[in-house]
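Report on the structure
If you want the building blocks of each chain, they are given just below.
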Amino acid sequence: MKEFIQSLPKIELHLHIEGTLEPELMLELSKRNNVQTPFNSIAEIRDAYNFHNLQSFLDIYFQGTDVLINEQDFFDLTWAYLLRCKEDNVVHTEVFFDPQAHTERGISFDTVVNGIHQALVKGRTELGISSKLIMCFLRHLDEQSAFITLAQAQAHKDKIIAVGLDSTEIGHPASKFERVFKQALEQGFLTVAHAGEEGSADNIHQALALLKLSRVDHGVRCSEDAGLIEQLITERIPLTVCPLSNIKLKIFACMAQHNIVALLRQGVCVTINSDDPAYFGGYMTDNFLAVNQAHPMNKTEIAQFTFNAIEASFISQNEKNRLTTVLQSYLDFNQ
Ligand code: HPA
Ligand code: ZN
């Protein structure tokens, strides 16, 4: 099964590019840019990655972003992630970035988006990995800051397919961003949002009702509400679930208690993703392996995660059909 999972064509739909900053690159950039970090070695950095909830992770995650200064840094970060995708046979990825984590530090929006975009273009031509870019608003910042960020994105509409919502869920409801999302939708952006990660099923309801979402990021707390699960199934609303992240941030006590396989078997359009792999101990293959180890599945069930991801992705119908054929051939050949 390990080989089947390793070579399975994969699609990633929930990945924060800032969350792919490996300790080695963090130290290299801190030297290159002469930016102090509180850490003196790789071991010290890894030691700090013991989180007890979402906020304890976010504090370290935002600290890590301080070493990213120049366009080249954002390029190098993204390129390293794409090389890692190649190893895991990730054929398509939809990447989040947090512009405000950088503009708040005086880095220009253009620097951030151009660096990431150049690497994604190179990934397409040199690695054959297709991609989309999704701009997230930080929900702990105010509405005005989100509106400013949306205005900065206007010059880059050709590079950004959707807007999202991340950072601290509790205390920062979807309603705070209803007007920003309305404007983004009017401008042609698709929308996604983190909901039901640390917050309750009510947050998922609210986000769906107010933000016209194409999919829900995390959403695992839906299990608290049978009516919501019914809605997710009948309306085919996808969830981008991040198993290793959920264990690291103590959303579930252990993988055996994770609900992703139960949701799959109920018919929810769930997908497997890595979220912030440099911080949570694993990329795409690691996440699939961890889920399968705790919840043994057959090959058809494992492949269903990628079928779901194809359906949930923002690629064209033609491209969806092509990837479906590739995946079905892989499954048939390996049965
Ligand atoms: N949740 C909320 N905000 C985030 C996450 C997450 O899992 N990763 C990066 N920012
Ligand atoms: Zn996330």
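These notes cover the structure that comes with them. Quick caveat: nothing in here was measured; it's all calculated off a predicted structure.

In the vicinity of ligand 1, the contacting residues are His16, Leu54, Phe57, Leu58, Tyr61, Asp166, Ser167, His194, Glu197, His218, Asp275 and Asp276. In this structure, a nitrogen atom belonging to ligand 1 sits 2.8 Å away from a main-chain N or O atom of Ser167. Here a nitrogen atom of ligand 1 sits 2.8 Å away from a polar atom, N or O, in the side chain of Glu197. For ligand 1, whose accessible area on its own is 260 Å², the fraction buried by protein is 100%. Tallying contributions element by element places helix H4 (residues 54-65) first for the shell around ligand 1, with four residues. Here the residues of the shell around ligand 1 are counted per class, giving four nonpolar, four polar and four charged.

Counting residues in hydrophobic clusters, the biggest one holds 108 residues, and the most contacted among them are Phe97 and Tyr279. For Phe97, the contacting residues outside a window of four places in its chain are Ile17, Glu18, Phe109, Val112, Val113, Ile116, Leu133, Ile134, Met135, Cys136 and Ile160. The next biggest cluster of nonpolar side chains, apart from the first, holds six residues, and it includes Phe96, Cys136, Ala162 and Phe314.

A few words on the coordination of the zinc ion (ligand 2). His14 (NE2), His16 (NE2), His194 (NE2) and Asp275 (OD) make up the full set of protein donors to the zinc ion (ligand 2), lying at 2.1 to 2.3 Å. The site at the zinc ion (ligand 2) holds four donor atoms, and with the angles between them running 83 to 174°, its shape is irregular. Look at where the donors of the zinc ion (ligand 2) fall in the sequence and you get H-x1-H-x177-H-x80-D. With His194 in strand S5 (residues 190-195) and Asp275 in the loop between strand S8 (270-272) and helix H14 (277-280), the pair connects residues that are 81 residues apart, well separated along the chain. Among the residues examined, His194 registers a relative accessible area of 5% and is labelled buried. Overall, the relative accessible area of 2% leaves Asp275 in the buried class.

It is worth spelling out the pairing of S5 at this point. Most of S5 is tucked away, with five of its six residues classed as buried. By the bridge criterion, two bridges tie strand S4 (residues 162-166) to S5 in an arrangement that is parallel. Across the sheet, residue Val163 finds its bridge partner in S5, namely Thr191. Read as a crossover between parallel neighbours, the route from S4 over helix H9 (residues 178-186) to S5 is right-handed. Where S5 meets strand S6 (residues 215-218), four bridges bridge the pair, whose relative direction is parallel. Bridging across to S6, Ala195 finds its partner in His218. Between the parallel pair S5 and S6, the chain is carried across by helix H10 (residues 201-211), and the sense of this crossover is right-handed.

With that settled, the discussion passes to the pattern of salt bridges. Enumeration over the complete set of coordinates arrives at 17 salt bridges. For Arg46, the salt bridge identified is with Glu22, shortest N-O distance 3.7 Å. Taken together, the residues Arg46 in helix H3 (residues 42-47) and Glu22 in the loop between strand S1 (10-16) and helix H2 (23-32) connect sequence positions 24 residues apart. Between Arg32 and Asp73 there is a salt bridge, with the nearest N and O atoms lying 2.7 Å from each other. Placement of the pair is Arg32 in helix H2 and Asp73 in helix H5 (residues 71-87), with a sequence separation of 41 residues. For Asp73, a relative accessible area of 0% puts it in the buried group. Put simply, Glu28, Arg32, Asp73 and Asp76 are held in one network by salt bridges that share partners.

Rules used throughout
- Residues numbered from 1 in each chain as written.
- Chains lettered and ligands numbered in written order.
- Predicted model: local features only at pLDDT ≥ 70, side-chain atom pairs only at ≥ 80, totals over all residues.
- Heavy atoms only, no water.
- Near = heavy atom within 4 Å.
- Polar contact = N/O pair within 3.5 Å; in protein donor to acceptor, adjacent residues only side chain to side chain.
- Areas by Shrake-Rupley, 256 points an atom, 1.4 Å probe, with all protein chains shown as cover.
- Helix = DSSP H or I, 4+ residues; strand = E, 2+ residues; numbered from the N terminus.
- Nonpolar A, V, L, I, M, F, W, Y, C, P; charged D, E, K, R; others polar.
- Core = buried A, V, L, I, M, F, W, Y, C linked by side-chain atoms within 4.5 Å.
- Buried < 20%, exposed > 50% of the residue type's maximum accessible area, 1.4 Å probe, protein only.
- Contact = heavy atoms within 4.5 Å.
- Donors = N, O, S within 2.8 Å, 3.2 Å for Na, K, Ca; no water.
- Tetrahedral: all angles 85-135°; square planar, octahedral: opposite > 155°, others 65-115°.
- Pairing = 2+ DSSP bridges.
- Right-handed = clockwise from strand over helix to strand, strands pointing away.
- Salt bridge = Lys/Arg side-chain N within 4 Å of Asp/Glu carboxyl O.

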